[in-house]
Amino acid sequence: MKVAVIGAGASGILYAILRKKQFPQDEVILVDKEDRLGKKIYVTGNGRCNLFHEQTAQFLDAYSNYKEAEGAFKRVPLSTLKKVFSSLGLDTIKQGELYYPRTLSAKTIMDVFNFWIKKLNIQIWTKKELKQYERRENGFLLHFDNKDVEVDRLVLALGGASSSQLGSDGAWVKLLKAHHYEISPFYPGLVGLKVKEDISSLQGLRYYAKVTLYKQNEKIHDECGEVQFKNDGVSGICIMNTSSYIARLKDPSLCHIELDLLPEWDEESAYEKLKEKENHGYPYLDGTFPSSLARLLEKKTQTKGKKTDEEKRKIIKEAKHFILHVSDFYSFTTSQVTVGGVSLNEVNENFASKEEKGLYLLGEMLDMDALCGGYNLMWAWATAYLASKDE
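Everything numeric here is computed off the predicted structure, so don't read it as measured data. (Residues numbered from 1 in each chain as written. Predicted model: local features only at pLDDT ≥ 70, side-chain atom pairs only at ≥ 80, totals over all residues. Heavy atoms only, no water.)

Looking only at helices and strands, the chain features 11 helices and 19 strands. Projecting the C-alpha coordinates of the chain onto the three principal axes gives extents of approximately 80 × 40 × 35 Å. Counting all 391 residues of the chain, 54% fall into the buried class. Taking the contacts inside the chain whose residues are at least 6 apart along the sequence as the reference set, 72% of them involve residues at least 24 apart. Of the accessible surface of the chain, which amounts to about 17700 Å², a share of 45% is contributed by carbon and sulfur atoms. Measuring between centres, the 54 positive side-chain charges of the chain sit 4 Å from its 54 negative side-chain charges. (Helix = DSSP H or I, 4+ residues; strand = E, 2+ residues; numbered from the N terminus. Buried < 20%, exposed > 50% of the residue type's maximum accessible area, 1.4 Å probe, protein only. Contact = heavy atoms within 4.5 Å. Areas by Shrake-Rupley, 256 points an atom, 1.4 Å probe, with all protein chains shown as cover. Lys, Arg positive; Asp, Glu negative; His and termini not counted. Charge placed at Lys NZ, Arg CZ, Asp CG, Glu CD.)

Now the structure itself:
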């Protein structure tokens, strides 16, 4: 069998290796429009590559489509994925609930992948972009810029629209719409959020807070973490996770986030704590808040100098309910994952197209996204594994 894998990212590379290992008689061709394989893998997890996440009781809550994720990971649990990578020679290390390469370097994963690509004689075509394909009686005719190729099986692993500088720009949408696939609109996920309020005075500040997302008055999500303030918005892992929940809602204008800047105390405890500090002669806000944040809290509550008890409570209330209205996402270029994609109704449990026999859709192309922490890579690995087993 002649198999063409279009897209040399996480799911495409792993599929090619597993397919060739299991069916050595197959001719496997790995195609990418970039000049080298795995560009996004090299930078994922800040260059450390968070391979997996422990399957805790809350594991599936990280995914946008719970039922489909549950089905896939019942068939490909973490234990199976660990065995797959161990069989390729990759040692891993666990830090908390996260698994990384033993070297803590994404390059190690690509070194392992490149070893197997060479060992298995998988053909590599770089700087080639699939322009169109035609369904034939026993396969597909693929059209590239200066070349047409007939294959028996076509595997598309083209990513989403995030981090286009690394090769995934979503240009394939037009290609699949011509073949009548249902595709949900794209939104940037795991990305910073622009806000309507003027927080420019906080630019560069990093501050621990509890972040709660509301759609109008309905609570959607909350988590604690470091918030990074920008000139016109906020970022940080807790904000990036929040952005994906907003993207799944489709309309950021309906959403606002509330920062609890003192998550370890309730309002009364915070009031007493800061009042006690002032009684010892120390300024009321300084030492608890960075000066830029303290001044902004005073500005927002219109309090200056020595404060009355009423003004102190007003500041505490503002600190516990620091409201930011979302105006937009930052760009796809800075996002880590794409929300949206090919409907999961278009594929079977092995990610084969229900309409075009012999065509498979993997990884981020599908309408499945997840939070930070190795979840998205696990989805890529799982789709590759299951598709590679189809005879």
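Having seen it, we continue.
Its location among the elements puts Asp369 in the loop between β19 (359–361) and α11 (375–388). With relative accessibility at 1%, the residue Asp369 sits in the buried group. Within the local environment of Asp369, its side chain forms a polar contact with the side chain of Arg248, the two groups lying 2.9 Å apart. Setting aside residues up to four positions removed in sequence, Asp369 forms contacts with Ala62, Tyr63, Ser64, Ser244, Arg248, Val337, Thr338, Val339 and Asn376. (Polar contact = N/O pair within 3.5 Å; in protein donor to acceptor, adjacent residues only side chain to side chain.)

Enumeration according to the criterion identifies 21 salt bridges in this entry. A cluster of three or more residues bridged by salt bridges with shared partners is formed by Glu34, Asp35 and Lys39. (Salt bridge = Lys/Arg side-chain N within 4 Å of Asp/Glu carboxyl O.)

The strand order across the open sheet formed by 5 strands is β6-β2-β1-β10-β19, and the pairing between neighbours is parallel. With one partner strand each, in any of the chains shown, β6 (123–126) and β19 form the two edges of the open sheet. On average, each strand axis in the sheet is inclined to that of its neighbour by 15°, with strand direction left out of account. Pairing of strand β1 (residues 2–6) with strand β10 (residues 153–156), which is carried by 4 bridges, proceeds in the parallel orientation. Across the sheet, residue Val3 finds its bridge partner in β10, namely Arg153. Helix α1 (residues 10–22) rests against β1, β2 (27–32) and β10 of the sheet, and its axis sits at about 170° to β2. (Pairing = 2+ DSSP bridges. Axes fitted to C-alpha atoms, helices over the stretch in contact; angles between N-to-C directions.)

So, on to the packing of helix α9 (residues 291–301) against helix α10 (residues 309–320). The relative placement of two packed helices is expressed as an angle between their axes plus a distance between the axes. Running from N to C, α9 and α10 point in directions that differ by 110°, and their axes come no closer than 10 Å. One element, α9, and the other, α10, form an angle in the roughly perpendicular class. Helix-helix and strand crossings are classified by hand; for α9 and α10 the assignment is right-handed. Residues Leu297, Lys300 and Thr301 of α9 lie in contact with α10, whose contacting residues are Lys314, Ile315, Glu318 and Ala319. Taken together, the residues of the contact of α9 with α10 sort by class into 3 nonpolar, 1 polar and 3 charged. (Parallel < 35°, antiparallel > 145°, perpendicular 65-115°, else oblique. Left-handed = near helix turned anticlockwise from the far one by under 90°. Nonpolar A, V, L, I, M, F, W, Y, C, P; charged D, E, K, R; others polar.)

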